[in-house]
Amino acid sequence: MTAKRTGVSQNTVRSIAKRFDETDGDVLATIDHKPRETPLVAPIVRARSKPA
């Protein structure tokens, strides 16, 4: 019901509720950026072959 009223998916509501619980009810910590568990990895760029 909350998801439908707010226009988001049920999964989003569950994720936010879980994060709210993890932060002991701290709203600012809930909506703040969660640090990555792994470092960023540079994307692999492959060159295209020339058309024949």
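Quick caveat: nothing in here was measured; it's all calculated off a predicted structure.

*Asks:* Sorry, what's going on with the overall build of the protein chain here?
*Replies:* Counting its regular elements, the protein chain contains three helices and zero strands. From first element to last, N terminus to C terminus, the protein chain shows the α and β order α-α-α. The C-alpha atoms of the protein chain give 19 Å as radius of gyration, which overshoots the globular expectation for 52 residues (10 Å, by more than 25%). Considering the protein chain as a whole, with its 52 residues, one finds that 8% of them fall into the buried category. Averaging the positions of the 10 positive and the 6 negative side-chain charges in the protein chain gives two centres separated by 18 Å.

*Asks:* Help me understand a nonpolar patch on the surface in this model?
*Replies:* Together, Phe20, Val27, Leu28 and Ile31 make up an exposed nonpolar region whose accessible area comes to about 430 Å². Of all the elements, helix α3 (residues 27-31) adds the most residues to the nonpolar patch, at three residues. Residue Leu28 is classed as exposed on the basis of its relative accessible area, which comes to 64%.

*Asks:* In this structure, what is going on with helix α2 (residues 10-22)? I would like to understand it.
*Replies:* Structurally, the α-helix is built with 3.6 residues per turn, so residues lying three or four positions apart point the same way. Helix length check: α2 (13 residues) gives 18 Å between terminal C-alpha atoms against 18 Å at 1.5 Å per residue, within 8%. One or two residues past the end of α2 sits Asp24, with phi positive at roughly 55°.

*Asks:* Sorry, what's going on with unusual backbone geometry here?
*Replies:* Although it is not a glycine, Asp24 adopts a positive phi angle of roughly 55°. Among the secondary structure elements, Asp24 is positioned in the loop between α2 and α3.

About the cut-offs
Residues numbered from 1 in each chain as written. Predicted model: local features only at pLDDT ≥ 70, side-chain atom pairs only at ≥ 80, totals over all residues. Heavy atoms only, no water. Helix = DSSP H or I, 4+ residues; strand = E, 2+ residues; numbered from the N terminus. Rg over C-alpha atoms; globule rule 2.2 N^0.38 Å. Buried < 20%, exposed > 50% of the residue type's maximum accessible area, 1.4 Å probe, protein only. Lys, Arg positive; Asp, Glu negative; His and termini not counted. Charge placed at Lys NZ, Arg CZ, Asp CG, Glu CD. Patch = residues over 30% accessible without salt bridge, like charges linked within 9 Å, V, L, I, M, F, W, Y side chains within 5 Å. Areas by Shrake-Rupley, 256 points an atom, 1.4 Å probe, with all protein chains shown as cover. Salt bridge = Lys/Arg side-chain N within 4 Å of Asp/Glu carboxyl O. Expected span 1.5 Å × (residues − 1).

By themselves, these figures tell us nothing about what the structure is for.
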